Amino acid sequence: MTSRPPATTTLWRPTGPKELDLVRELEWRAWPPRLPEQPIFYPVLNEDYAVRIARDWNVKHNGAGFVTRFEVESDFLRRYPVQRAGGETILELWVSAEELDEFNAHIVGTIEVVQEFHP
């Protein structure tokens, strides 16, 4: 009898080129540790919100913006309440820097770039 794969939830992450290079070094399977000034890792719950951040913030501040998509085990994500960071569709999960390794262990498959933006 084969076991069923865990149910997953799709998350998105807007990112700049430096963080994307670190994800590439991790073979597209994990997010890099947070910098000291970054106490929270925040994936977002919809692609539109990720696009707005990548296009409007990452391009301006980092020279390029990328939208990534990845799957995380749904049961694991239940520990993170959805955070509303603005309007109705501006939804995030807040993962403390100390929990990022455990979060990464629950990523299913690989992180993929689905959109990119340049000046």
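See the structure printed just above.
Remember, predicted model here, so these are calculated numbers, not experimental data. Position numbers for residues count from 1 along each chain, tracking the sequence in the order it is written. Given that this is a predicted model, residues contribute local features only at a pLDDT of at least 70 and side-chain atom pairs are listed and counted only at 80 or more, while totals for whole chains, interfaces and linings are drawn from all residues. Values reported for side chains reflect all heavy atoms of the structure, with hydrogen atoms and water molecules removed beforehand.

## Regarding the overall build of the protein
Thinking step 1. A helix here means a DSSP run of H or I that spans at least four residues, while a strand means a run of E at least two residues long, and both kinds are numbered starting from the N terminus. Scanning the protein from terminus to terminus reveals four helices and seven strands.
Thinking step 2. When its helices and strands are written in sequence order, the protein yields β-α-β-α-β-α-β-β-β-α-β.
Thinking step 3. In terms of C-alpha radius of gyration, the protein reaches 14 Å, essentially the compact-globule figure of 14 Å for 119 residues.
Thinking step 4. For the protein, the spread of C-alpha atoms along the principal axes amounts to about 50 × 35 × 30 Å. Throughout, radius of gyration means the C-alpha value; the globule benchmark is 2.2 Å times the number of residues raised to the power 0.38.

## Points about the pattern of salt bridges
Thinking step 1. Every case where a carboxyl oxygen of Asp or Glu lies within 4 Å of a side-chain nitrogen of Lys or Arg is listed as a salt bridge. With the rule as written, the count across this model stands at nine salt bridges.
Thinking step 2. Across the salt bridge formed by glutamate 19 and arginine 34, the nearest N and O atoms sit 2.5 Å from each other. Separated by 15 residues along the polypeptide, glutamate 19 in helix α1 (residues 17–25) and arginine 34 in the loop between α1 and β2 (40–41) bring together distant segments of the chain.
Thinking step 3. Judged by its relative accessible area of 12%, arginine 34 falls in the buried class.
Thinking step 4. Here the residues in one salt-bridge network are Arg13, Glu19 and Arg34, joined through shared partners. Each residue is placed in one exposure class: buried if its accessible area under a 1.4 Å probe, protein chains only, is under 20% of its type's maximum, exposed if it is over 50%, and partly exposed if it falls in between.

## Considerations on the nonpolar core
Side chains of nonpolar character tend, in soluble globular proteins, to be buried together.
Thinking step 1. Counting 15 residues, the largest nonpolar core has Trp31, Phe70, Val72, Leu77 and Phe103 as its most contacted members.
Thinking step 2. When contributions to this core are tallied by element, the ones reaching two or more residues are β3 (65–73), α3 (74–77), α4 (100–105) and β7 (107–117).
Thinking step 3. Leaving out residues up to four positions away in the same chain, tryptophan 31 has contacts with Arg13, Glu19, Val23, Leu26, Phe41, Thr68, Phe70, Leu100, Phe103, Asn104, Ile107 and Ile111.
Thinking step 4. Definition used in this section: a nonpolar core is a set of buried Ala, Val, Leu, Ile, Met, Phe, Trp, Tyr and Cys residues joined via side-chain atoms within 4.5 Å. Judged by nonpolar contacts, the second largest core, of 11 residues, contains Trp12, Val59, Val67 and Ile90. Note on contacts: a residue pair is in contact if any heavy atoms of the two residues lie within 4.5 Å.

## Points about the sheet that holds strand β1 (residues 8–15)
Thinking step 1. In this description, strands pair whenever DSSP reports at least two bridges between them. Strand order across the open sheet formed by three strands is β1-β3-β7, with antiparallel pairing between neighbours. Of all the strands in the sheet, just β1 and β7 have a single pairing partner and so form its edges. Shown here is a sheet whose adjacent strand axes are inclined to one another by a mean of 20°, direction ignored.
Thinking step 2. When β1 meets β3, the two strands line up antiparallel, connected through eight bridges. Paired with threonine 10 across the bridge in β3 is glutamate 71.
Thinking step 3. Every axis corresponds to a line fitted to the C-alpha atoms, with the helix fit spanning only the stretch in contact, and the corresponding angles, defined between N-to-C directions, vary from 0 to 180 degrees. The strands that α1 touches are β1, β3 and β7; relative to β1, the one it contacts most, it runs at about 135°.
Thinking step 4. The strands touched by helix α2 (residues 47–62) within the sheet are β1, β3 and β7, with β3 carrying the most contacts at an inclination of about 145°.

Such coordinate-based values are descriptive only and should not be taken to indicate function.
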